[in-house]
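# Remarks on the overall topology
Each chain, letter by letter, is given below.
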Amino acid sequence: MKKLLSKIDIPLFLMMVLYSILGLVMILSASSVSAVLRYNVSSYYFFIRQIIFIVFSFLVGIYIVLNIKTSRYKLFVPVLAVGILAALVGLFFHGMITNNAQSWYDLGFFNLQPAEFSKSVLILYMAVFYGRSVKKKNNNLYYNLIPLAIAGTIFVLVAMQPDLGGALIIGGIAFLTFLTVPFDKKNQLKLFKVLCIGIILLGIGLVYSGANILNSRQLSRLQFKNPCSRYKEETGYQVCNGFIAIHNGGLFGVGLGNSTQKYLYLPEAHTDFIFPILVEELGAIVGILVLLGYLYILYRILKIAKGAKGNVRNMILCYGTFSFILLHLLVNLMGVLALIPLTGVPIPFLTYGGSFTINLILMLFVVQRVAYENRLAKLQREMASL
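Please read these numbers as outputs of a predicted model, since none were measured by experiment.

## Concerning the overall build of the chain
Counting its secondary structure elements, the chain contains 14 helices and three strands. Expected size for 386 residues packed as a compact globule is a radius of gyration near 21 Å; at 21 Å, the chain falls within 12% of this value. With the C-alpha coordinates of the chain rotated into their principal frame, the extents come out at 65 × 55 × 40 Å. Taking all 386 residues of the chain together, the buried fraction comes to 49%. Across the chain, the fraction of contacts at a sequence separation of at least 24, relative to all contacts at a separation of at least 6, is 71%. As presented, the chain carries roughly 18700 Å² of accessible surface, and 68% of it is formed by carbon and sulfur atoms. Taken together, the 32 basic and 13 acidic charged side chains of the chain have centroids lying 15 Å from each other.

## Let's talk about the pairing of strand β2 (residues 101-106)
Each regular strand carries side chains that alternate between the two faces of the sheet. In terms of burial, β2 is a largely internal element, five of the six residues being buried. Where strand β1 (residues 96-98) and β2 come together, three bridges link them in antiparallel fashion. Across the sheet, residue T98 finds its bridge partner in β2, namely A101. Counted between consecutive antiparallel strands, the loop separating β1 from β2 contains two residues, among which N99 sits at a positive phi close to 50°. As paired elements, β2 and strand β3 (residues 111-112) share two bridges and run antiparallel to each other. What sits directly across from D106, in β3, is N111. Count of turn residues in the β2/β3 antiparallel hairpin: four residues, of which G108 carries a positive phi of about 90°.

## A few points about a nonpolar patch on the surface
Together, L251, F252, I285, I288, L289, L292 and L295 give the surface a local cluster of nonpolar side chains, amounting to about 750 Å² of exposed area. Considering the arrangement of structural elements, one finds I288 in helix α12 (residues 284-307).

## Examining the side chain of S29
Here S29 lies in helix α2 (residues 10-37). Residue classification places S29 among the buried residues on the basis of a relative accessible area of 7%. Setting aside chain neighbours within four positions, we find S29 in contact with L256, G257, K262 and E281.

## Regarding the pattern of salt bridges
Tallying each qualifying case throughout the model produces four salt bridges. In this structure, K119 and E116 form a salt bridge, with 3.0 Å as the shortest nitrogen-oxygen distance. One end of the pair is K119 and the other is E116, both in helix α5 (residues 114-135) and three residues apart, which spans about a single turn. E116 matches K119 in its accessibility class, with the two residues each being buried.

## Remarks on the side chain of K119
Since its relative accessible area comes to 2%, K119 is described here as buried. Within the structure, the side chain of K119 is placed 3.0 Å from the side chain of E116, a separation counted as a polar contact. In contact with K119, not counting residues within four places along its chain, are G166, I169, I170, I173, F324 and H328.

Calculation rules
For every chain, the first residue of its written sequence is number 1, and the numbers climb from 1 along that sequence. pLDDT decides what is reported in this predicted model: residues at 70 or higher carry local features, side-chain atom pairs at 80 or more are listed and counted, and totals for whole chains, interfaces and linings draw on all residues regardless. To get the side-chain values, take all heavy atoms of the structure and skip hydrogens and water. The secondary structure listing takes helices from DSSP runs of H or I that are at least 4 residues long and strands from runs of E that are at least 2 residues long, numbered from the N terminus. Between the two quantities, the radius of gyration covers C-alpha atoms and the globule rule is 2.2 Å times the number of residues to the power 0.38. Relative accessibility under 20% of the residue-type maximum defines a buried residue, over 50% an exposed one, and the middle range a partly exposed one, all with a 1.4 Å probe and only protein chains included. The criterion used for residue contact is that any of the two residues' heavy atoms lie within 4.5 Å. Accessible surface area values rest on a Shrake-Rupley calculation with a 1.4 Å probe, where residue burial reflects the displayed protein chains alone. Counting rule for charge: Lys and Arg are taken as positive, Asp and Glu as negative, and neither His nor the chain ends is counted. For the purpose of locating charges, the reference atoms are NZ of Lys, CZ of Arg, CG of Asp and CD of Glu. Any two strands are treated as partners once DSSP identifies two or more bridges connecting them. Every patch collects residues that have over 30% relative accessible area and no salt bridge, joining them within 9 Å if they carry like charges and within 5 Å if they are nonpolar side chains (Val, Leu, Ile, Met, Phe, Trp, Tyr). The term salt bridge refers to a side-chain nitrogen of Lys or Arg lying within 4 Å of a carboxyl oxygen of Asp or Glu. Polar contacts, as counted here, are pairs of nitrogen or oxygen atoms within 3.5 Å of one another; within protein the pair requires one atom able to donate a hydrogen and one able to accept it, and residues that are adjacent in sequence qualify only if both atoms are side-chain atoms.

See the structure below:
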């Protein structure tokens, strides 16, 4: 195990540990008040549960994910794809409704959210599928659209919960990951044209179907500009209080644990709006440093992807994880800053949540496995050249 850990990407691993600790500190601070006043549980309730999620994820990542060759993913990824589709369908019959969305299975000790796991499974499936397709030089147009058809099915199932924010991120992951597949240029252009036509036809079909694509709550979120002018309305209350938190923090913050907005002004302070709490308590300078840290994590992932050199499966694993993290960052921060409609998307490492945390950390360990295989491949090339 020491030998394995010595060959992973150490800077990325240290950032994973650092941001996990930062997330724990902020979850403890942001949730301590609402845990007691809103949920009637211990002030340490969400903090302790997040520790369990993180420790579990790191143990599985270190002792299982790092030890599985990516070439073996083909043995179980198709089963995972079928399983996640079945789980998403099953939600309509056995799902637990929270915040007007039927998105969770109540397992007693843990609320399982299949939509979060579908993001990881989709990345793994696309990596295995296109890795094999490119290796075999399969240029069949319709065959290469199979992963996108599966992604479209997942998109529809998640959107029907309804979880439009999660569905859009799933669609974004599929689209951005697809763009990284190294098809020959002629075939890539054909696939791209068919994809665009398919999206347009789907959009036209939804518009003219007469179906209510968005419910009244989702439609109200399209009013996202100037949130403080609608402070007493649901469409402006949370975002405006997020603005107030950021303004209160100034450059240097009011001090860790001293946020006023977490006193139920921001009812979901430990989830979607934890970044404004971080800025309020630690200041805009720390907030900027945290954002720069995210950019460094993304840079390390891209560097590992480029180091895969010809291994399409491993490249896609990294690019898919890159898209996963990037989209969550953009959608969360832009929603909090009223640049786009608020969709309730978690921000990596900082947001409380079991399903999201487990998937995030495990996918980063998949990237670490790729980094390990890159070093082995480089060593083999050096030995062969002697």
